Amino acid sequence: MNFTGRVCAGDDELASLSKSINGVLEALSQAHIELEQTRDETVEALKIKAQIVANVSHDARTPLNVIILRVEMIKRGIYGPLNDKQIQLLDTVQVNANQLLFFIDNLLDQAQLEAGKVTINKNDFVPVDFFNTIETPMKSLTQKKNLNLKTEITEDVPTLLLGDSQRLNQILSNLVVNAIKFTDEGGIKIRVFCPDKIHWAFQVSDTGAGIPKEAQQRIFEAFWQVDGSSTRKVNRGVGLGLSIVSQLTNLMNGKISIESEIGMGSTFTITLPMEIPEGEQVHE
Amino acid sequence: MNRPFIMIVEDDVELGDIISSVLEDSGLHTETVRDGDMALDRITATEPDVILLDMHLPNVSGSEILANIRSTPKLSQTRVVITTADALLGRANEDKGDLVLIKPITFDQLLNLTTRLTKTSQAMFGIRSMIYRTENGQAVTCPFSINMKTCHHISCDQYQVQTI
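Residues numbered from 1 in each chain as written. Chains lettered and ligands numbered in written order. Predicted model: local features only at pLDDT ≥ 70, side-chain atom pairs only at ≥ 80, totals over all residues. Heavy atoms only, no water.

A. Representation of unusual backbone geometry within the structure. For the peptide bond that leads from B:Lys103 to B:Pro104, omega is 10°, which places it in the cis range. When you line up the elements, B:Pro104 lands in the loop between strand E5 (99-102) and helix H5 (107-119). Despite not being glycine, A:Asn146 has its phi angle at roughly 55°, a positive value. Secondary-structure assignment places A:Asn146 in the loop between helix H3 (127-144) and strand E2 (148-153). We classify A:Asn146 as exposed; its relative accessible area is 70%. (Helix = DSSP H or I, 4+ residues; strand = E, 2+ residues; numbered from the N terminus. Buried < 20%, exposed > 50% of the residue type's maximum accessible area, 1.4 Å probe, protein only.)

Rendered as structure tokens:
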């Protein structure tokens, strides 16, 4: 933007006016320079932050790997037989270790998204197998709360889809983890269907607490919580999951919608443009 | 048949010991080295079947070791499994290793590795998440990943591999 133009004046009144306008232009020019400096500093700060978070993630994963493998070896009886109570306690250690890992991954993803470093890639994937990879790690979390977890794939879904399955996994895993956090009875359902011929809808429904209308627009902001008070009864995380869901959905040119009522549960629907690989059968 | 020989390049002593213990208990022969210099020496001297290669290492990085392996003709049959705690580095190197395992590596992943090496005559791993077609044309994600440069039409338990 160029603020260097000058206004000329022929008499005192115009001279005074031109002086005022020139003063405003100079102030605007200065403000613009400062804004650009601030923007550059912010971009640099976000890159540094992303690198720090990547380093933290790296340093946390190795000791976490030792914990996860040692617990599994103990559970498998490699160091001697265990009773049911001991196995149950080790299950709890595993669930918590996996939750910690999920949290670290979300911190890493949020920082990478902020720094503009996340890219979307396409690969062929098998929807049925893909949903198994989401369901399996979630089962320990749902079992811990006695919740059901079901996946429904409608008949119109082809055997192969083309899209970024890794990012889609992050989106759906975050939605399911979020649903588990806010559901104390009932269960969670994942559903995939084809709303039109070029989009695929991925839906996560729960029978949980529901989201107040006034909160529904804000839940996708990073670190924002429906109940962010320090006195809240249950720790529901730091508020990164839905922010990551929203940012990744945008990057994939998708849309997100919520239907929710207090006490009646919530349904999140992600609609994404996804192609069917060449040669694949389309179910009508 | 000789036991497949796995070189574990891992600077975290305890993690290296655990991986070695799981693989040895599953019937594989292993050797563990803790730093990049030593890894280069031992890999050249022993020509392992498979190398589990951590990327962050003292003295010489995993990337340099990988480049060295790829440029050494006598190591052309050696498979490299990149293991890294750096999720971003892992994703960036997906095409360079025969397989990438981002830490935490699970017990099942280690057992899968063992299965592939002991139940088949060829080292059957490569790019992850390959899509296969069964004889009736159904698409599935094969539980094994196969290096398609060497195996185009082979039976993989119940899977008939037809496409890459």
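Continuing now.
B. The sheet that holds strand E7 (residues 265-273) of chain A, seen in detail. All names here are of chain A. With respect to topology, five strands assemble into an open sheet ordered E2-E4-E5-E7-E6, the strand pairing being mixed. Pairing within the sheet leaves two strands with one partner each, and these edge strands are E2 and strand E6 (255-261). Strand-to-strand twist of the sheet, defined as the mean angle between neighbouring strand axes without regard to direction, takes the value 10°. Relative to E7, strand E5 (residues 199-206) runs antiparallel, the two being bridged by eight bridges. (Pairing = 2+ DSSP bridges. Axes fitted to C-alpha atoms, helices over the stretch in contact; angles between N-to-C directions.)

C. Examining the sheet that holds strand E3 (residues 50-54) of chain B more closely. Residue and element names in this part refer to chain B. Spatial ordering of the open sheet is given by E2-E1-E3-E4-E5, a layout of five strands whose pairing is parallel. Where the open sheet ends on each side, the last strands, each with one partner, are strand E2 (29-33) and E5. Along the sheet, successive strands turn relative to each other by an average axial angle of 20°, direction set aside. Pairing geometry for strand E4 (residues 79-84) and E5, over four bridges, is parallel. Among the inter-strand pairings, threonine 84 is bridged to a residue of E5, identified as isoleucine 102. Against the sheet, helix H3 (residues 62-70) contacts E3 and E4, and its axis sits at roughly 155° relative to E3. (Contact = heavy atoms within 4.5 Å.)

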